Amino acid sequence: MFKTVRSERHFGSPDALPGPWELAWEAEHLEGASPQRILEWAVETYGNRLALSASFGGPEGMALIDMVSKITDEVTVLTIDTGFLFKETTEFREEFMRRYKLPLEVLRPKLTIEEQVERYGERMRTCNPDLCCQVRKIEPLERALAGYDAWMTGIRRDQTPQRANTRIVAWEERFGAAKFAPFASMTEEWVHEYVAEHNVPVNPLLKKGYKSIGCEPQTRPVSRDEDPRAGRWSGMEKTECGLHWVAGKAVRGDS
Ligand code: SF4
């Protein structure tokens, strides 16, 4: 059973927080630790200055929210609503969060889709991926993370070659925050077992042939023998939205 951690660090004290080199040491130290142990350390260290980012697409984010909720109810769940999400995803998000006490913050781009099309052209409707992701995902997350010292995601090393070097925790210069990946060394099977064992709901589209779910214009169902992420940006060179990958490089603590 997990312990309940109630941190005293309500407003953070940046001087006391670990810097890039200490995080690199902690990443080595936490390698091989269970996700629960990693989360306990993250919550003890950052308290409510720690946020959790979930897309409500794959089961990883759902497992992460469930696991964190067994430790604390002070971590804010951040989720980006690009305006291009499946209706099923936004409905699932509201229904799922009714089960948990963790606060939810829905991040939205500054521009509506219509304003984006007016400013950058018609193909931003379906879209010109790098610029669209910058406007609709990266900028809203950057704005939100200005209010936190650390964030975490459910990404795993075996999801894509770009994620293979993901560290358990690393300093992320562009967001000015520590980034945790408690599931970095976990497998897809482990995630499925966790959600089944703990009765954690998952996006209903996962039962309709989708394996990785993002924005509707660039997500399609995949066949049984396809890579789970083959349905994202299908037919394009793009494989990542840039939240975990920058200018052709994995986002690492020393980059
Ligand atoms: S995934 Fe596609 S629709 Fe969604 S923000 Fe990125 S480029 Fe735009």
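Quick note: structure is the one above.
Residues numbered from 1 in each chain as written. Predicted model: local features only at pLDDT ≥ 70, side-chain atom pairs only at ≥ 80, totals over all residues.

Draft legend 1. Summary view of the overall build of the protein. Across its full length, the protein carries seven helices and eight strands. Evaluated residue by residue, the protein yields a buried proportion of 40% over its 255 residues. Considering only contacts in the protein between residues 6 or more positions apart, those separated by 24 or more positions represent 75%. (Helix = DSSP H or I, 4+ residues; strand = E, 2+ residues; numbered from the N terminus. Buried ≥ 20, exposed ≤ 12 C-beta atoms within 10 Å, placed from the backbone. Contact = placed C-beta atoms within 7 Å.)

Draft legend 2. Structural context of the site of the ligand. In the neighbourhood of the ligand, 13 residues make up the surrounding shell, with P129, C132, C133, R136 and C215 lying closest. Class assignment for the residues of the shell around the ligand results in eight nonpolar, three polar and two charged. (Near = placed C-beta within 6 Å. Nonpolar A, V, L, I, M, F, W, Y, C, P; charged D, E, K, R; others polar.)

Draft legend 3. A look at the packing of helix α3 (residues 59–69) against helix α7 (residues 188–197). Contact geometry of α3 with α7 gives a least axis separation of 9 Å together with a crossing angle of 50°. In terms of axis orientation, α3 runs oblique to α7. Between α3 and α7 lies a crossing whose hand is left-handed. From α3, P59, E60, M62 and A63 reach across to α7, where they touch V191, H192, Y194 and V195. A per-class count over the contact of α3 with α7 returns six nonpolar, one polar and one charged. (Axes fitted to C-alpha atoms, helices over the stretch in contact; angles between N-to-C directions. Parallel < 35°, antiparallel > 145°, perpendicular 65-115°, else oblique. Left-handed = near helix turned anticlockwise from the far one by under 90°.)

Draft legend 4. Region of interest: the pairing of strand β2 (residues 76–80). Burial within β2 is extensive, with four of its five residues counted as buried. Relative to β2, strand β1 (residues 50–53) runs parallel, the two being bridged by three bridges. Across the sheet, residue A51 finds its bridge partner in β2, namely T76. Viewed along the sheet, the connection from β1 through α3 into β2 turns out right-handed. In the sheet, β2 pairs with strand β3 (residues 104–107) via four bridges, with the strands oriented parallel. Looking at β3, one finds that T79 is bridged to V106. For the handedness criterion, the β-α-β arrangement of β2, helix α4 (residues 87–97) and β3 is classed as right-handed. (Pairing = 2+ DSSP bridges. Right-handed = clockwise from strand over helix to strand, strands pointing away.)

Draft legend 5. The environment of L111, seen in detail. Tracing the backbone shows L111 in the loop between β3 and α5 (113–120). Linking L111 and R136, residues 25 residues apart in sequence, is a C-alpha distance of 8.0 Å. Once residues within four sequence positions are removed from consideration, L111 is found in contact with Q116, R119 and V135.

Draft legend 6. Region of the structure containing helix α1 (residues 20–30). What α1 keeps buried is the set L23, E26, A27 and L30. Each buried residue of α1 lies within a common arc of 105° when the element is viewed along its axis, so the set occupies one face. Among the exposed residues of α1, those pointing more than 90 degrees away from its buried face are W21, W25, E28 and H29. Lining the buried residues of α1 we find α2 (35–46), β5 (169–172) and β6 (177–180). Within two residues after α1, G32 carries a phi angle of roughly 90°, on the positive side. (Arc of directions from axis to C-beta.)

Draft legend 7. Fine view of unusual backbone geometry. Here F56, not a glycine, exhibits a phi torsion of approximately 65°, which is positive. Relative to the assigned elements, F56 resides in the loop between β1 and α3.

Draft legend 8. Representation of the nonpolar core in the model. Membership of the largest hydrophobic core comes to 50 residues, with the highest contact counts inside it found for A42, L50, L52, L64, A150 and F180. For this core, the element with the most residues is α3, which contributes six residues. (Core = buried A, V, L, I, M, F, W, Y, C linked by C-beta atoms within 7 Å.)

Draft legend 9. Molecular detail of the sheet that holds β6. Read from one edge of the open sheet, six strands run β3-β2-β1-β4-β6-β5, paired in mixed fashion. Whereas interior strands pair on both sides, the edge strands pair on one side only; in this sheet they are β3 and β5. Ignoring which end each strand starts from, the neighbouring axes of this sheet average 30° apart. With four bridges connecting them, β5 and β6 associate as antiparallel partners. Following the sheet pairing, W171 is matched in β6 by A178.

Draft legend 10. Layout of the environment of F180. In this structure, F180 sits in strand β6. The contact partners of F180, leaving out residues within four places of it in the chain, are I38, A42, A150, M152, I168 and V169.

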